[in-house]
Amino acid sequence: MAFTAFALMLVYLLWVVSPLLLPAGNRLTAEAVLTLRAGIYGTMKAASFSLIFAVPLALMAAIYSACFMAPRVRCVVKPVIEMMAAVPTVVLGLVAVACFAPWLERHLLVVVLMVLLAPAALIGWGWISHRYGDRLNLPVSTSLEWLYALPVVAGIFLVSTWLNEPVQALLFDGDMGQWLITLMGTNAQQRNGLVVGFVLGFATIPVIFSIAEDALHAVPKSLSNGSLALGATPWQTVTKVILPTAGSGLVSAVMIGFGRAVGETMIVLMAVARMPIMDWNPFQGLQTLAAEIALGLGGSEAGGELYRTLVLAALLLFAFTFVTNAVAEVFRERLREKYLAL
């Protein structure tokens, strides 16, 4: 916690004193300072939205893969998820612009309904299969029982699509997007923070999953076997023994994922409208430091105000990612020391 507090304090100090880091004769104008601070704000906004989407999926997948999945299935699933990190981010940005953003604009309520229905439906299916699995005589082996979740997910999507128009007519006057715009008193952008949160979260999932899964799988088997031998259920063993032991690794995974999202350029550049605003409205565009550096540095005059602004932005971005990764590495070292002591 002390290192996290230090990192947050450093970010705040950089926010406040960044205009003063240059010599007196080269101080930035008020407009350049405002643009720089809007870039810092937009970077934090994009990274936060991506983690809201990525962290639950990545951590739950890591827990299932490390603690419940059959070893021969894990040997296939884990490399496949890690290979997602090799997808070029420019391809993800193109998919976001050409496909996902227009679809999300037309089917926003479908996504909301899926987010609300999916946890309850999957937990309900898990309880039914655990309680009545023997009576159902499911023909699939234990190592492939996760395949039964696929029809459940497809059913959630179909139900959400079927409920889309009735719920919009009942609660949102037939158009949820317009209702939200009226409620927030602002105009919506097709390429907005919500789109970049989903797409950037998709790119961040493999990073968080890989580190978290390794941390969970590295917990000594003697601990989990001892817990099971004392009468604890597998889920109690995970929540009371494995997760606390691997806690430092999980925090490290989230922090490295956050650093990955902060430094992303192409997805943000393509998937969101460039707007130097400072609010948390998910339907508005945003401006990030990495995207501004990529766009402006090549056409700026060396020594000019734009050039100096972008160089300062690069220094701030480097400082933040360096501190984030350094703190994550400290957590990983603590995790290794804890394992050695067991």
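Residues numbered from 1 in each chain as written. Predicted model: local features only at pLDDT ≥ 70, side-chain atom pairs only at ≥ 80, totals over all residues. Heavy atoms only, no water.

A. Summary view of the overall build of the chain. Along the chain, the regular secondary structure elements total 14 helices and zero strands. Secondary structure elements of the chain, listed N to C terminal, follow the sequence α-α-α-α-α-α-α-α-α-α-α-α-α-α. Counting all 342 residues of the chain, 41% fall into the buried class. Contacts in the chain between residues at least 24 apart in sequence constitute 83% of all its contacts with a sequence separation of at least 6. Per element, the accessible surface of the chain, about 18400 Å² overall, is 69% carbon and sulfur. (Helix = DSSP H or I, 4+ residues; strand = E, 2+ residues; numbered from the N terminus. Buried < 20%, exposed > 50% of the residue type's maximum accessible area, 1.4 Å probe, protein only. Contact = heavy atoms within 4.5 Å. Areas by Shrake-Rupley, 256 points an atom, 1.4 Å probe, with all protein chains shown as cover.)

B. The arrangement of the confidence of the model for the chain in detail. Looking at the chain, pLDDT values average 78 and 78% of them are 70 or higher. Per-element confidence in the chain ranges from a low mean pLDDT of 52 for helix α1 (residues 2-17) to a high of 89 for helix α8 (residues 193-217). Confidence drops under pLDDT 50 across residues 20-25; counting only partners more than four residues distant or on other chains, this segment forms five contacts. (pLDDT = per-residue confidence, 0-100.)

C. Helix α3 (residues 71-83), seen in detail. The first and last C-alpha atoms of α3 sit 19 Å apart over 13 residues, in line with the 18 Å expected at 1.5 Å per residue. Those residues of α3 that fall on the buried side of the exposure criterion are V73, R74, K78 and I81. Along the axis of α3, the buried residues cluster in a sector spanning 120°; they form a single face. Turned more than 90 degrees away from the buried face of α3 sit R72, C75, V76 and M83, all of them exposed. (Expected span 1.5 Å × (residues − 1). Arc of directions from axis to C-beta.)

D. Representation of the side chain of S50 within the structure. One can find S50 in helix α2 (residues 30-67). Here S50 is in contact with G197, L200, G201, T204 and A261, once residues within four sequence places are set aside.

E. Region of interest: the packing of aromatic side chains. Tallying each qualifying case throughout the model produces seven aromatic pairs. An angle of 70° between the planes, with centres 5.1 Å apart, marks the rings of F53 and F198 as edge-to-face. You can see F53 sitting in helix α2 and its partner F198 sitting in helix α8, a full 145 residues away along the chain. Ring geometry for F100 against F198: centres 5.7 Å apart, planes inclined by 70°, an arrangement best described as edge-to-face. Taken as a pair, F100 in helix α4 (residues 89-106) and F198 in helix α8 lie far apart in primary sequence, 98 residues in all. When its relative accessible area of 22% is taken as the criterion, F100 is described as partly exposed. Taken together through their ring pairs, the aromatic side chains of F53, F100, W103 and F198 make up a single cluster. (Phe/Tyr/Trp six-rings, centres within 6.5 Å; stacked < 30°, edge-to-face > 60°.)

F. Quick peek at helix α10 (residues 234-245). Given a rise of 1.5 Å per residue, twelve residues ought to cover 16 Å, and the 15 Å separating the end C-alpha atoms of α10 matches this to within 8%. For α10, the set of buried residues is T237, V238, V241, I242 and T245. Down the axis of α10, the smallest arc covering the buried residues is 130°, so these residues share one side.

G. Representation of the packing of α3 against α8 in the model. As a packed pair, α3 and α8 sit with axes 9 Å apart at the nearest point and diverge in direction by 145°. Along its contact with α3, which presents R74, K78, I81 and E82, the element α8 presents P206, F209, S210, E213, D214 and H217. Among the residues making up the contact of α3 with α8, the classes are represented as three nonpolar, two polar and five charged. (Axes fitted to C-alpha atoms, helices over the stretch in contact; angles between N-to-C directions. Nonpolar A, V, L, I, M, F, W, Y, C, P; charged D, E, K, R; others polar.)

H. Fine view of the nonpolar core. Counting residues in hydrophobic clusters, the biggest one holds 71 residues, and the most contacted among them are I208, L216 and I267. Apart from the residues within four sequence positions on either side, I267 is in contact with T89, L92, G93, V196, V199, L200, A203 and V272. (Core = buried A, V, L, I, M, F, W, Y, C linked by side-chain atoms within 4.5 Å.)

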